[in-house]
Amino acid sequence: MKKSIFLLLMLAAVSVAVSCEKEPAPFEQPEQTIIDPEIEEITAETAKFYGLWTRHVEYTNDMFCTHADWEWRFYENGRSDRWVGQYDQSRMVGFDIGTIDYELRDGKLYLRFNGGPVDQQDWDEWNYEFQGDDMLILSTEYEGETIVWPFVRTEDADDQLVGDWSAIVGRGPNDEYIERHYSFTTPTYGYVYEITYNSTGTKSLGNKMIGDFRYVIDGNMIIATGYGAPYSYSDILYFRVSGTKLYLSYREGEDEIMYSNFKAENNIPY
């Protein structure tokens, strides 16, 4: 097993015109789809993973960290997002984030860190056990040691901002377009970046990372707290959402900038 694993998770309405002089056509029974019981069982078992699982770990012999908090979200498309924050009391001193593919095979959970060419990534085998509806235990053998990770099912935060929102926010010295993106990866964390385009907007001239952050929604405010280095970003923004448009400002209702969710507008999965 590689160390990279976690050092890193119509009804169609048919209108039929029937003449009064004709007998109605006989009703045809729809062809029944036979579902493989084994596939159905795997699908039902996989559905138990969907949602947010959290884990809190206390450190007793670490001079830099007092504890770590995990967030692991499993989605229906076989993808998961895992975030781990390290803290010194209330101060965040580090974090680790990653997208992990997952699938069930032969009663085991297989995980593959989503980084680099897929054909060069190994699947790592984990044992799993659900205890009731709210506890998930993951375990594996690693270098002669048994690793056990308990997780608790947790209600997730408001996901209304999840997506990538962009707007033209300025011009460069040579009349370039500067497009800023707020990418809310999950209901609790995201990042900000900018793309510079040429004066006609037809060619990208480069990307610039502004920062990573965790955020909470408080009424109509986004409270973003920077974490990590070298990129960290902290701010308080007022917001309102209308369809695929996100309006942001530093004063409530004033000087709003409209950001568009391009992927949502074009039915592209985020």
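Everything below is about the structure printed above this text.
If you're wondering where the values come from, they're calculated on a predicted model, not measured in any experiment. Sequence positions are assigned chain by chain, starting from 1 and proceeding in written order. Local features in this predicted model are restricted to residues of pLDDT 70 or higher, and side-chain atom pairs are both shown and tallied only at a pLDDT of 80 or more, whereas totals for entire chains, interfaces and linings draw on every residue. To get the side-chain values, take all heavy atoms of the structure and skip hydrogens and water.

A. Structural view of the overall build of the chain. Strands here mean DSSP runs of E at least two residues long; helices mean DSSP runs of H or I at least four residues long; both are numbered from the N terminus. Per the secondary structure count, the chain includes two helices and 16 strands. Evaluated residue by residue, the chain yields a buried proportion of 35% over its 270 residues. Only carbon and sulfur atoms are counted for the fraction: they give 50% of the accessible area of the chain, which is about 17100 Å². With a 1.4 Å probe rolled over the protein chains alone, any residue whose accessible area is under 20% of its type maximum counts as buried; one over 50% counts as exposed, and the rest are partly exposed. All accessibility values rest on the Shrake-Rupley procedure with a 1.4 Å probe; residue burial counts only the protein chains present in the view.

B. Representation of the environment of I147. Tracing the sequence through the fold places I147 in strand β8 (residues 145-154). Note on definitions: a residue-residue contact is assigned when non-hydrogen atoms from the two residues lie within 4.5 Å. Other than its neighbours up to four places away in sequence, I147 contacts W126, L138, S139, T140 and Y142.

C. Representation of the sheet that holds strand β7 (residues 135-142). Here eight strands make up a closed barrel; going around it, the order is β1-β2-β3-β4-β5-β6-β7-β8 and the pairing antiparallel. Geometrically, the sheet is characterised by an average inter-axis angle of 35 degrees between neighbouring strands, direction not taken into account. We call two strands paired when DSSP finds no fewer than two bridges between them. With three bridges joining them, strand β1 (residues 51-58) and β8 adopt antiparallel strand pairing. In the strand pairing of β8, W53 is matched with R153. Between N-to-C directions, angles cover 0 to 180 degrees, with each direction set by a line fitted to C-alpha atoms, over the stretch in contact for helices.

D. Representation of unusual backbone geometry. Positive phi values are uncommon outside glycine, yet E143 reaches one of about 50 degrees. Mapped onto the elements of the fold, E143 is located in the loop between β7 and β8. With a phi close to 55 degrees, N267 is a non-glycine residue in the positive phi region. With respect to the element layout, N267 can be found in the segment after α2 (262-265).

E. The pairing of strand β4 (residues 91-105), seen in detail. Bridging between strand β3 (residues 79-88) and β4 involves ten bridges; their strand directions are antiparallel. Paired with G85 across the strands is F95, a residue of β4. The antiparallel pairing of β3 with β4 creates a hairpin that spans two residues between the two strands, and Q89 there sits at a positive phi of about 60 degrees. As judged from the six bridges shared by β4 and strand β5 (residues 108-113), these two strands associate in the antiparallel manner. Counterpart to L104 in the pairing with β5 is L109.

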